[in-house]
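# A closer look at the structure
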Amino acid sequence: MPALGSFGLAVRIALVAAGIISPFPSVSSMDVYTSKELQVRNGTDPRLKCTFSSYVPLGDEVSVSWTFRPLSGGSDESVFYYYRDTYPPKKGRFLNRAVWDGNAGRGDGSIIIMNIQQTDNGTYLCQVKNPPDAHGEMGEITVSVVTQVKFSEIMLLALIIGIGSVVIILMVIAVVSFRYYRKQRTRSTAVSVMECSEKLNDKLHDSSVNA
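Residues numbered from 1 in each chain as written. Predicted model: local features only at pLDDT ≥ 70, side-chain atom pairs only at ≥ 80, totals over all residues. Heavy atoms only, no water.

Spatial ordering of the open sheet is given by S2-S11-S10-S5-S6-S7, a layout of six strands whose pairing is mixed. On the outer flanks of this sheet lie strand S2 (36-41) and strand S7 (86-87), each paired with one strand and no other. Here strand S10 (residues 122-129) runs beside strand S11 (residues 137-146); their pairing, made up of seven bridges, is antiparallel. If you follow Val128 over to S11, its bridge partner there is Glu137. (Pairing = 2+ DSSP bridges. Helix = DSSP H or I, 4+ residues; strand = E, 2+ residues; numbered from the N terminus.)

Put into C-alpha cells, the structure is as follows:
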C-alpha cells in the first residue's frame with residue numbers, strides 16, 4: 001500500500017509538471033460577505049460594505065471589482081476596480097461618484113457611492129480574487145433608494161421604548177409634585193388654624209382684662 005501511495009504521488013507530480021492538472025484545489029476558498037439588502041435615502045452617500053477572507057494570505061495580488069446591474073434592466077456597468085491601486089470609472093453614471101473606502105490587506109473591499117439617486121436602484125456585485133484561488137467569489141447587495149427611509153422593527157421598538165420612558169418620567173414628576181403641593185397645603189392650613197386660635201385667645205384675654 002505505501003508503494004501504491006508513493007506511485008500515485010509521483011504520477012500527480014508528473015502531471016502538475018506537465019501542466020495537465022493544477023497544483024491547487026479546483027474549488028475556491030474565498031468567502032465574501034455583503035449586507036444582501038440595503039435601503040438608503042435619496043441624495044445620501046451610502047457605504048456598500050464588502051468584506052472577504054481567503055485561505056491564502058492577503059497580499060498585493062488581491063483584486064476587487066464592483067459591478068452595477070440596473071433594476072430596470074440593461075447591461076451591467078462597471079462601478080469601481082481595485083488592484084494594488086484604485087481605479088474609479090472614467091465614464092458612466094458613477095463617474096466622480098464611486099469612492100474607495102476599503103483596505104484590501106485587511107479583507108475590506110467597501111466603496112462609497114456619492115449622492116445616490118433613485119436611478120441607482122439595482123444590484124451591486126462585489127467580486128474578489130486572491131490568487132491562487134481558482135476563481136473569485138461574488139457578493140451581491142440589492143440597493144433600494146427611497147425618498148425617506150422606512151422605520152425598521154428595531155427603530156420602531158426603540159421609539160416605543162423612548163416614548164414609554166418619557167411618559168413614566170412625566171408621571172413620576174407629576175406624582176412627586178402633587179405630594180409636595182399637598183404637603184405644603186396641609187402645612188399652610190395648619191399654620192393658619194394656629195394663627196386664628198392665637199388671635200382668638202388674645203382677643204378673649206383682652207376682653208377679660210378690660211372687664
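This part covers the pattern of salt bridges. Pairs can form between side chains of opposite charge whenever their charged atoms are close. For the structure shown, the criterion picks out seven salt bridges. Residue Arg93 pairs with Glu77 through a salt bridge whose shortest N-O separation is 3.2 Å. Placement of the pair is Arg93 in the loop between S7 and strand S8 (98-100) and Glu77 in strand S6 (residues 77-83), with a sequence separation of 16 residues. By relative accessible area, Arg93 is classed as partly exposed at 31%. A salt bridge links Asp120 to Arg93, with the shortest nitrogen-to-oxygen separation between them at 4.0 Å. Placement of Asp120 in the loop between strand S9 (111-113) and S10 and of Arg93 in the loop between S7 and S8 is noted, with a sequence separation of 27 residues between them. Relative accessible area serves as the criterion here: at 1%, Asp120 is assigned to the buried category. One connected set of salt bridges, linked through shared partners, spans Glu77, Arg93, Arg97 and Asp120. (Salt bridge = Lys/Arg side-chain N within 4 Å of Asp/Glu carboxyl O. Buried < 20%, exposed > 50% of the residue type's maximum accessible area, 1.4 Å probe, protein only.)

All right, on to the pairing of S6 then. As judged from the six bridges shared by strand S5 (residues 63-70) and S6, these two strands associate in the antiparallel manner. Paired with Ser63 across the two strands is Tyr83, which belongs to S6. In the sheet, S6 pairs with S7 via two bridges, with the strands oriented antiparallel. In the strand pairing of S7, Tyr82 is matched with Thr86.

Moving on, we come to the state of the cysteines. All chains considered together, the criterion is met by one disulfide. The disulfide that involves Cys50 links it to Cys126, with 2.1 Å between the sulfurs. The sign of the -80° torsion about the S-S bond sets the Cys50-Cys126 disulfide as left-handed. Within this pair, whereas Cys50 is found in strand S4 (residues 50-53), its partner Cys126 is found in strand S10, the two being separated by 76 residues in sequence. (Disulfide = S-S within 2.5 Å.)

Glancing now at unusual backbone geometry. Pro131 connects to Pro132 through a cis peptide bond whose omega is 15°. Its location among the elements puts Pro132 in the loop between S10 and S11. Phi angles above zero are rare outside glycine, and Arg84 is one such case at about 65°. Tracing the sequence through the fold places Arg84 in the loop between S6 and S7. For Arg84, a relative accessible area of 52% gives the class exposed. With a phi close to 65°, Asn96 is a non-glycine residue in the positive phi region. When you line up the elements, Asn96 lands in the loop between S7 and S8.

Confidence along the protein chain averages 81 in pLDDT terms, with 70% of residues attaining 70 or more. This stretch, residues 1-5, has a pLDDT under 50; its non-local contacts, to residues over four places away or in other chains, come to zero contacts. (pLDDT = per-residue confidence, 0-100. Contact = heavy atoms within 4.5 Å.)

Side chains that are nonpolar tend, in soluble globular proteins, to be buried together. Ranked by internal contacts, the top residues of the largest apolar core, which has 26 residues, are Val64, Trp66, Val79, Tyr124 and Val128. At the level of secondary structure, the elements contributing two or more residues to this core comprise S4, S5, S6, S8, S9, S10 and S11. Those residues in contact with Val79 that lie beyond four places of it in its chain are Trp66, Thr67, Phe68, Pro89, Phe94, Ala98, Ile111, Ile113 and Tyr124. (Core = buried A, V, L, I, M, F, W, Y, C linked by side-chain atoms within 4.5 Å.)

The buried fraction of S5 amounts to six of the eight residues, a majority that puts the element mostly inside the structure. Taking the residues between adjacent antiparallel strands as the criterion, S5 and S6 are bridged by six residues, where Gly73 takes a positive phi near 100°. Judged from the eight bridges that link them, S5 and S10 form a sheet pairing that is antiparallel. Within S10, the position partnered with Arg69 by the bridge is Thr123.

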